[in-house]
Amino acid sequence: MDFLFVLAIGLVAGTISGIVGTGSSIMLMPVLIYEYGPKQAVPIMAIAAVIANLSRILAWWREVDWRACAAYSAPAIPAAALGARTLLVLPSRIADICIGLFLIAMVPARHWLARRRLKLSLWHLAVGGAAIGYLTGIVVSTGPLSVPLFLFYGLTKGAFLATEAASSLGIYVSKSVIFQRFGALTSEIALKGLIAGASLMSGAFIAKRFVLRLEPEVFRRVMDAIMIAAGLSTLWTAFS
């Protein structure tokens, strides 16, 4: 029953993230924390995120902007490894609190970035990749921050979804390697990640047909609600 519950939430999360470009980790993470605890949930989500991002790349392969991907990923990958190593030495409750507070804080941060209407270059992507990569290593997902970064660079719809996924793929592979090296990614945890990732992958392909129909305002409202709900849920887990 635990696996069926995770699969159901994963399918919904994969579909929504396949439409808006992010959100699968934010939606699925509180469920994984509740079922397995934060120390297992983070490496499980890392494996699932690898599969989820790979599925979005396959769905939109022809539209990947490889220059933007390289600029973002080059500093983000080692930064994510450093962030993952930082997470492993944090107490479980502190990890929960950090994740919950960060998810809630991303709501005003995203609105602040959106109001600036910036136009970013490859250099900005590299600087943002380093910062977001490190944070992703610690707090599981920073998609709501990387989303405006790629949008302000000028990517939209399929190109945005494909490039953001290709850039995130390296980050989650880096995290997974660190977790495996320091004993946090066992075969049992990897299997759970594959199960969760399979549901996310299915959702990504379901979502493709809906991408062009989503209004920007709907996207913003959905992401705000998801982040606040996920953050509060994770904080509740930390203090209960």
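Going by the structure above, here's the rest.
Residues numbered from 1 in each chain as written. Predicted model: local features only at pLDDT ≥ 70, side-chain atom pairs only at ≥ 80, totals over all residues. Heavy atoms only, no water.

*Asks:* For this particular structure, what's the right way to read the overall build of the protein?
*Replies:* Helix and strand counts for the protein stand at ten helices and zero strands. Starting at the N terminus and walking to the C terminus, you meet the elements of the protein as α-α-α-α-α-α-α-α-α-α. Counting over 240 residues, the protein shows a buried share of 56%. Taking contacts inside the protein between residues at least 6 apart in sequence as the whole, the part at least 24 apart equals 88%. (Helix = DSSP H or I, 4+ residues; strand = E, 2+ residues; numbered from the N terminus. Buried < 20%, exposed > 50% of the residue type's maximum accessible area, 1.4 Å probe, protein only. Contact = heavy atoms within 4.5 Å.)

*Asks:* Mind showing me how you'd approach the environment of Gly183 here?
*Replies:* You can see Gly183 is positioned in the loop between helix H8 (157-181) and helix H9 (187-207). By relative accessible area, Gly183 is classed as exposed at 53%. With 95 residues separating them in the primary sequence, Gly183 and Leu88 have C-alpha atoms 9.9 Å apart.

*Asks:* What's the story with the side chain of Ser199 in this structure? I'm lost.
*Replies:* Its location among the elements puts Ser199 in helix H9. Beyond its immediate stretch of four places on either side in the chain, Ser199 contacts Val6, Leu7, Gly10 and Leu11.

*Asks:* Can you walk me through the side chain of Ser167 in this structure?
*Replies:* Tracing the backbone through its elements, the reader meets Ser167 in helix H8. The residues contacting Ser167, other than those within four sequence positions of it, are Cys69, Tyr72, Ser73 and Phe150.

*Asks:* Would you mind showing me how to read helix H3 (residues 38-59) here?
*Replies:* Residues lying three or four places apart along an α-helix face the same way, a consequence of the helix completing one turn every 3.6 residues. Compared with the 32 Å implied by 1.5 Å per residue over 22 residues, the 31 Å span of H3 between its first and last C-alpha is a close match. For H3, the tally of buried residues reaches 18 of 22 residues, placing the bulk of the element in the interior. (Expected span 1.5 Å × (residues − 1).)

*Asks:* Help me understand helix H2 (residues 24-36), please; the structure alone is not making it clear to me.
*Replies:* End to end, H2 covers 17 Å across 13 residues, agreeing with the expected 18 Å (1.5 Å per residue, within 8%). Of all the 13 residues making up H2, eleven are buried; the element is thus mostly covered by neighbouring parts of the structure. Considered for burial, the residues of H2 that qualify are Ser24, Ser25, Ile26, Met27, Leu28, Met29, Pro30, Val31, Leu32, Ile33 and Tyr36.

*Asks:* I'm lost on the packing of H3 against H8 in this one. Help?
*Replies:* Angle between the axes and distance between the axes: these two values describe a pair of packed helices. Direction vectors running N to C along H3 and H8 enclose 150°, while the axes themselves pass 8 Å from each other. Here H8 runs roughly antiparallel to H3, going by the angle between their axes. Here the hand of the crossing between H3 and H8 comes out left-handed. Residues Val42, Pro43, Ala46, Ile47, Ala49, Val50, Asn53, Leu54, Arg56 and Ile57 of H3 touch H8, and the partners they reach there are Leu161, Ala162, Glu164, Ala165, Ala166, Ser168, Leu169, Tyr172, Val173, Lys175, Ser176 and Phe179. For the contact of H3 with H8, the class distribution of residues is 16 nonpolar, three polar and three charged. (Axes fitted to C-alpha atoms, helices over the stretch in contact; angles between N-to-C directions. Parallel < 35°, antiparallel > 145°, perpendicular 65-115°, else oblique. Left-handed = near helix turned anticlockwise from the far one by under 90°. Nonpolar A, V, L, I, M, F, W, Y, C, P; charged D, E, K, R; others polar.)

*Asks:* What am I meant to see in the environment of Leu88 here?
*Replies:* With respect to the helices, strands and loops of the structure, Leu88 is situated in helix H4 (residues 66-88). Taking relative accessible area as the criterion, Leu88 reaches 23% and is therefore assigned partly exposed. In the structure, Leu88 is positioned 49 residues away from Gly137 in sequence and 9.8 Å away in space, judged by C-alpha atoms.

*Asks:* Honestly, the pattern of salt bridges in this entry has me stumped. Any pointers?
*Replies:* Side-chain pairing between opposite charges can occur once the charged atoms of the two side chains come close. By the definition in use, this model includes one salt bridge. Here Glu188 makes a salt bridge to Lys192, at a shortest N to O gap of 3.4 Å. With Glu188 and Lys192 both in helix H9 and four residues apart, the pair spans about one turn of that helix. Judged by its relative accessible area of 12%, Lys192 falls in the buried class. (Salt bridge = Lys/Arg side-chain N within 4 Å of Asp/Glu carboxyl O.)

*Asks:* Please clarify how the environment of Ser167 should be interpreted in this entry.
*Replies:* With relative accessibility at 0%, the residue Ser167 sits in the buried group. On a C-alpha basis, the gap between Ser167 and Ser146 in space is 9.7 Å, while along the polypeptide they are 21 residues apart. At a separation of 2.9 Å, a polar atom in the side chain of Ser167 contacts the main-chain carbonyl oxygen of Thr163. (Polar contact = N/O pair within 3.5 Å; in protein donor to acceptor, adjacent residues only side chain to side chain.)

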